[in-house]
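Listed here are the chains, written in short residue letters.
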Amino acid sequence: IKLFADGANLDDMLAAYYGGIVQGFTTNPTLMRKAGITDYEAFAREVLTMICDRPISFEVFADDFETMYRQAHKINSWGENVYVKIPITNTKGESAVALVKRLVGDGIKLNVTAILTLDQVQAVNNVLSPYVPAIVSVFAGRIADTGSDPVPIMAQAAQMLKAESQAELLWASPREVLNVYQAEICGCDIITATGDILKKLSMRDKDLSELSRETVQMFYDDACKAGFK
Ligand code: E4P
């Protein structure tokens, strides 16, 4: 499975890039806002001067399909390694599948995002092409947030895509390191993770007895620091 970094903090992105931890990057408007970005294009172009040999997704930010279409073409023109993120729906709940079909027809590499249902996966799969690279981002963490298990959904999505469009399936919004293993078992091609999860990857296969001791050490240190009597 390929690991991508999800975020818009340039320093963190470069650390992940030069650290060789990740094979690609994803951003979204919320992460950009969190990183304090106000000039979208200037930010994207700056990133792309430094990261030009690994896939990186930038999302359209309009809410009407005509403007999204124009933004997609503009974003696509910024770099060979750019995937344009198109949300599967607009804020009115109208499907973006026709827009996806049009952009695929133009040969634009897409990352279809904010997908939460298998019906959405199927609808996108129907209009993608094996000749135009594409990523299908299913927000597994947001599915889990509702109390549903994303694993069977992701496994089915992987089968659907492999049989037809051959788009890459991305496990989005992971909540814990366990999700990296789950994504791999489900047949996902990519998982994108924020810095907090990337940091925790060093915990992979950590000895659990030692982790138990470290946990108690933390309690003890904090009790001492608090000066409990
Ligand atoms: C993926 O490309 C998205 O940017 C991201 O994983 C969304 O995460 P969230 O659902 O935690 O906002």
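An account of the accompanying structure is given in this report.

Quick word on the nonpolar core
One broad rule of soluble globular proteins: the nonpolar side chains tend to lie buried together. Counting 70 residues, the largest nonpolar core has Phe 58 and Ile 86 as the members making the most contacts within it. Apart from the residues within four sequence positions on either side, Ile 86 is in contact with Val 60, Ala 72, Ala 96, Leu 99, Val 100, Leu 103, Leu 110, Asn 111, Val 112 and Thr 113. Counting seven residues, the second-largest nonpolar core is a separate cluster that includes Phe 4, Tyr 83, Ile 135 and Leu 170.

Quick look at the sheet that holds strand S4 (residues 82–87)
Strands sit in the order S1-S2-S3-S4-S5-S6-S7-S8 around a closed barrel of eight strands; the barrel is parallel. In this sheet, neighbouring strand axes are inclined to one another by 30 degrees on average, regardless of whether the strands run parallel or antiparallel. Summarising the sheet, strand S1 (residues 2–6) and strand S2 (residues 24–26) pair through three bridges and their orientation is parallel. Bridge pairing links Asp 6 to Thr 26 in S2. Of the strands in this sheet, strand S5 (110–115) and strand S6 (134–138) are in contact with helix H6 (residues 118–127), which crosses S5 at around 160 degrees.

Section: unusual backbone geometry
Even without being a glycine, Ser 173 presents a positive backbone phi close to 50 degrees. Position of Ser 173 among the secondary structure elements: in the loop between strand S7 (168–171) and helix H9 (178–186). Its relative accessible area of 12% is what places Ser 173 among the buried residues.

What about the pairing of S4?
S4 sits mainly inside the fold: six of its six residues count as buried. Pairing of strand S3 (residues 56–59) with S4, which is carried by four bridges, proceeds in the parallel orientation. Following the sheet pairing, Glu 59 is matched in S4 by Lys 85. Of the crossover connections in this fold, the one passing from S3 over helix H4 (residues 65–76) to the parallel S4 is right-handed. As judged from the four bridges shared by S4 and S5, these two strands associate in the parallel manner. Residue pairing in the sheet places Val 84 in a bridge with Leu 110 of S5. Remark: the S4/helix H5 (residues 97–105)/S5 crossover connection has right-handed handedness.

Regarding the side chain of Asn 81
Relative to the elements of secondary structure, Asn 81 occurs in the loop between H4 and S4. Here Asn 81 falls in the buried class, since its relative accessible area comes to 9%. A polar contact of 3.0 Å, which involves the side chain of Asn 81, links it to the backbone oxygen of Ile 51.

Quick notes on the rules
- Residues numbered from 1 in each chain as written.
- Predicted model: local features only at pLDDT ≥ 70, side-chain atom pairs only at ≥ 80, totals over all residues.
- Heavy atoms only, no water.
- Core = buried A, V, L, I, M, F, W, Y, C linked by side-chain atoms within 4.5 Å.
- Buried < 20%, exposed > 50% of the residue type's maximum accessible area, 1.4 Å probe, protein only.
- Contact = heavy atoms within 4.5 Å.
- Pairing = 2+ DSSP bridges.
- Helix = DSSP H or I, 4+ residues; strand = E, 2+ residues; numbered from the N terminus.
- Axes fitted to C-alpha atoms, helices over the stretch in contact; angles between N-to-C directions.
- Right-handed = clockwise from strand over helix to strand, strands pointing away.
- Polar contact = N/O pair within 3.5 Å; in protein donor to acceptor, adjacent residues only side chain to side chain.

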